[in-house]
Amino acid sequence: MLYSEKVMDHFMNPRNVGTIEDADGIGEVGNAKCGDIMKIYLKIEDEIIQDVKFETFGCGSAIASSSMATEMIAGQPVSKALELTNKAVAEALDGLPAHKMHCSVLAEEAIKAAVKDYYDKNGIAYDPAIFANMGCEDCHG
Ligand code: FES
């Protein structure tokens, strides 16, 4: 079977779908090649991610990746969310097919973009290197 049970589960029953109206950070990223878009909303209090929601217009692997990624960062400190790699997301899903790994990259990048938005909005200083190799120039200009 191409997809693990976990991928299928998170695709069929994605967790944390939706938006947060008074989000503290919003990150939107896209993949220029496949055209898929992912948006992550974070509610942050005392540096802890109190709530996280996502909207993904994309393939099943992107939806499963966003769902898993939101579960992995919910309740965690912001610093932990920044450490989340697409590999960790894919591993938590019991793997993704090689040509679907880029879908998990969207999840990592959307979370980073949301944290960056939170830092920027709140005037919190950060090392720009953290966000240096964030993906797709085409999409976020
Ligand atoms: Fe592009 Fe999955 S095919 S995110």
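Residues numbered from 1 in each chain as written. Predicted model: local features only at pLDDT ≥ 70, side-chain atom pairs only at ≥ 80, totals over all residues. Heavy atoms only, no water.

### Some remarks on the sheet that holds strand E3 (residues 48-57)
Phase 1: As summarised here, the arrangement of the 3 strands in space is E1-E2-E3, forming an open sheet in which the pairing is antiparallel. Only two strands of the sheet have a single neighbouring strand rather than two, namely strand E1 (25-30) and E3. Adjacent strand axes in the sheet meet at a mean angle of 15 degrees when their direction is disregarded.
Phase 2: Pairing of strand E2 (residues 37-45) with E3 involves 9 bridges; the strand directions are antiparallel. (Pairing = 2+ DSSP bridges. Helix = DSSP H or I, 4+ residues; strand = E, 2+ residues; numbered from the N terminus. Axes fitted to C-alpha atoms, helices over the stretch in contact; angles between N-to-C directions.)

### Observations concerning the confidence of the model for the protein chain
Phase 1: Looking at the protein chain as a whole, the pLDDT averages 93, with 95% of positions reaching at least 70.
Phase 2: In the predicted structure, residues 136-141 sits below a pLDDT of 50 and forms 12 contacts with residues beyond four places in sequence or in another chain. (pLDDT = per-residue confidence, 0-100. Contact = heavy atoms within 4.5 Å.)

### Some thoughts on helix H2 (residues 60-73)
Along an α-helix, residues three or four apart share an orientation, since each turn contains 3.6 residues.
Phase 1: Between its first and last C-alpha atoms H2 spans 20 Å; for 14 residues at 1.5 Å apiece the expected length is 20 Å, and the two agree.
Phase 2: With respect to burial, H2 is a largely interior element, 11 of its 14 residues being buried.
Phase 3: Listed as buried for H2 are Ser61, Ala62, Ile63, Ala64, Ser65, Ser66, Ser67, Met68, Ala69, Thr70 and Ile73.
Phase 4: One or two residues past the end of H2 sits Gly75, with phi positive at roughly 80 degrees. (Expected span 1.5 Å × (residues − 1). Buried < 20%, exposed > 50% of the residue type's maximum accessible area, 1.4 Å probe, protein only.)

### Remarks on the nonpolar core
As a rule of thumb, soluble globular proteins bury nonpolar side chains together.
Phase 1: If you look at the biggest cluster of nonpolar residues, it comprises 37 residues, and the most contacted ones within it are Ile40, Leu42, Ile49, Ile73, Ile111 and Val115.
Phase 2: Listed by contribution, the elements that provide at least two residues to this core are E2, E3, H2, helix H3 (78-83), helix H4 (86-92) and helix H5 (101-121).
Phase 3: Considering each element in turn, this core owes the most residues, 10 residues, to H5. (Core = buried A, V, L, I, M, F, W, Y, C linked by side-chain atoms within 4.5 Å.)

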